[in-house]
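This is what each chain is made of:
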Amino acid sequence: MTKKPIHSGHRARTKDKFIASEFEYFNEHQILEMLLFYCIPRVDTNPIAHELINHYGSLANVLDASVDSLRKFGLSERAAVFLNMIPIMSQSYLYDKNYNLNKMFNETAFKKRLVTFSLKNMKNDIILALFDSAGTELFFGPVKWYEPERLIPKFTDLSMKYNAVSAIICTRNRFGLPVPERDELEIITAVAEGLDSINVQLKNWYILSDTDVISLAERPELSYLFIHKKNE
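Residues numbered from 1 in each chain as written. Predicted model: local features only at pLDDT ≥ 70, side-chain atom pairs only at ≥ 80, totals over all residues. Heavy atoms only, no water.

A. Main features of the packing of helix H2 (residues 28–37) against helix H3 (residues 46–56). Between H2 and H3, whose axes approach to 8 Å, the crossing angle comes to 125°. In terms of orientation, H2 lies oblique with respect to H3. Seen from above, H2 lies across H3 with right-handed handedness. Contacts between H2 and H3 involve Glu28, His29, Leu32, Glu33 and Leu36 from the former and Asn46, Ile48, Ala49, His50, Leu52 and Ile53 from the latter. In terms of residue class, the contact of H2 with H3 is made up of six nonpolar, three polar and two charged. (Axes fitted to C-alpha atoms, helices over the stretch in contact; angles between N-to-C directions. Helix = DSSP H or I, 4+ residues; strand = E, 2+ residues; numbered from the N terminus. Parallel < 35°, antiparallel > 145°, perpendicular 65-115°, else oblique. Left-handed = near helix turned anticlockwise from the far one by under 90°. Contact = heavy atoms within 4.5 Å. Nonpolar A, V, L, I, M, F, W, Y, C, P; charged D, E, K, R; others polar.)

B. Inspection of the sheet that holds strand E4 (residues 201–208) at higher detail. A sheet is described by the order of its strands in space; here five strands give the open sequence E2-E1-E3-E4-E5, paired in mixed fashion. The two strands at the open ends of the sheet, each matched to only one other strand, are strand E2 (137–143) and strand E5 (213–215). Across the sheet, the axes of successive neighbouring strands diverge by a mean angle of 20°, strand direction being ignored. Packed onto the sheet, helix H9 (residues 184–196) meets strand E3 (166–172) and E4 and runs at close to 155° relative to E4. (Pairing = 2+ DSSP bridges.)

C. Geometry of a negative patch on the surface. Taken together, Glu147, Glu149, Asp183 and Glu186 make up a surface patch of like negative charges. Mapping Glu186 onto the fold places it in helix H9. On the basis of relative accessible area, Glu186 is assigned to the exposed category, the value being 63%. (Patch = residues over 30% accessible without salt bridge, like charges linked within 9 Å, V, L, I, M, F, W, Y side chains within 5 Å. Areas by Shrake-Rupley, 256 points an atom, 1.4 Å probe, with all protein chains shown as cover. Salt bridge = Lys/Arg side-chain N within 4 Å of Asp/Glu carboxyl O. Lys, Arg positive; Asp, Glu negative; His and termini not counted. Charge placed at Lys NZ, Arg CZ, Asp CG, Glu CD. Buried < 20%, exposed > 50% of the residue type's maximum accessible area, 1.4 Å probe, protein only.)

D. Broad picture of H2. Taking burial as the measure, the 10 residues of H2 include eight buried ones, the bulk of the element. Residues of H2 that are buried include every one of His29, Ile31, Leu32, Glu33, Met34, Leu35, Leu36 and Phe37, and no others.

E. Just the nonpolar core, in detail. Leu128, Phe155, Ile169, Val191, Leu202, Trp205 and Phe226 are the most contacted members of the largest nonpolar core, which has 26 residues in total. Elements with a minimum of two residues in this core: strand E1 (126–131), E2, helix H8 (148–161), E3, H9 and E4. It is H9 that provides the largest number of residues to this core, a total of five residues. Beyond its immediate stretch of four places on either side in the chain, Ile169 contacts Ile126, Ile127, Leu128, Phe155, Val191, Leu202, Asn204, Trp205 and Tyr206. Core analysis: the second largest hydrophobic core is formed by 23 residues, Met34, Leu35, Ile40 and Leu75 among them. (Core = buried A, V, L, I, M, F, W, Y, C linked by side-chain atoms within 4.5 Å.)

F. Quick look at the packing of aromatic side chains. On inspection of all chains with the given rule, the structure shows seven aromatic pairs. Plain terms: the ring middles of Tyr56 and Phe73 are 6.0 Å apart, the flat faces sit at 55° to each other, and that makes the pair tilted. Of this pair, Tyr56 sits in helix H3 while Phe73 sits in the loop between helix H5 (67–72) and helix H6 (77–99); the two residues are 17 residues apart in sequence, bridging distant segments of the chain. Residue Tyr56 is classed as buried on the basis of its relative accessible area, which comes to 16%. For Phe73, a relative accessible area of 28% puts it in the partly exposed group. Judged by centre distance (5.2 Å) and plane angle (40°), the ring pair of Phe139 and Tyr162 falls under tilted. A residue pair is termed long-range when its members are at least 10 positions apart, and Phe139 in strand E2 and Tyr162 in the loop between H8 and E3 qualify at 23 residues. Using a relative accessible area of 28% as the deciding quantity, one classes Tyr162 as partly exposed. (Phe/Tyr/Trp six-rings, centres within 6.5 Å; stacked < 30°, edge-to-face > 60°.)

G. Focus on the pairing of E1. Burial analysis of E1 places six of its six residues in the buried class, the great majority of the element. Bridge analysis of E1 against E2 gives six bridges, and the strand direction is antiparallel. In the sheet register, Ile127 faces E2, and the bridge partner there is Pro142. Once E1 ends, the chain turns through five residues before running back antiparallel as E2, passing Gly135 with a positive phi of about 90°. In terms of strand pairing, E1 meets E3 through five bridges, oriented antiparallel. Across the sheet, Leu130 pairs through a bridge with Ala167, a residue of E3.

Shown next as structure tokens:
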């Protein structure tokens, strides 16, 4: 009978933990330990991760260390290149995510992006995203909250500036609830009509709560707002 590697169960549990919560409950050495799973097979990478963090001072410093430096510390060339590649790959990923105008809309990724963006940038702002007829993103960013009579011209001006044909808007519930606020339904209706007047479809309006991203287009009583009049 083949004996299982002593750490195989630990690796599986660590991966399951990541799948369930990403890195929310990981500390620095646990993140590094998991990264090392993929370039150091059949070895307990926990002590190695601790030693690297202790030596370089932080996870960022480990990942920023040169290949030669990491190899002198005892890592194989393969492992050193893998770690060294992560910051560079992250830069490419973030640039592509934020500035690649050819990327297509993906709702799951878009929701995650809304949550990340709102945590760092969103106070009383509204997030607006604009798209062309192929679904290519033309604009993504915050818009200051104004009264509806000023907000609608702002949306229409930006839509015309970017030659958009559809828009997605996101607001945060001030009380952390997964529902639109009382006066927000009137604003959503007014915005949908304002955009429709320049032939821009309001594809969706998301509400950010403390725990979720709610799609108003999926609510049957509001779905009529998200159907372009030309398609009725």
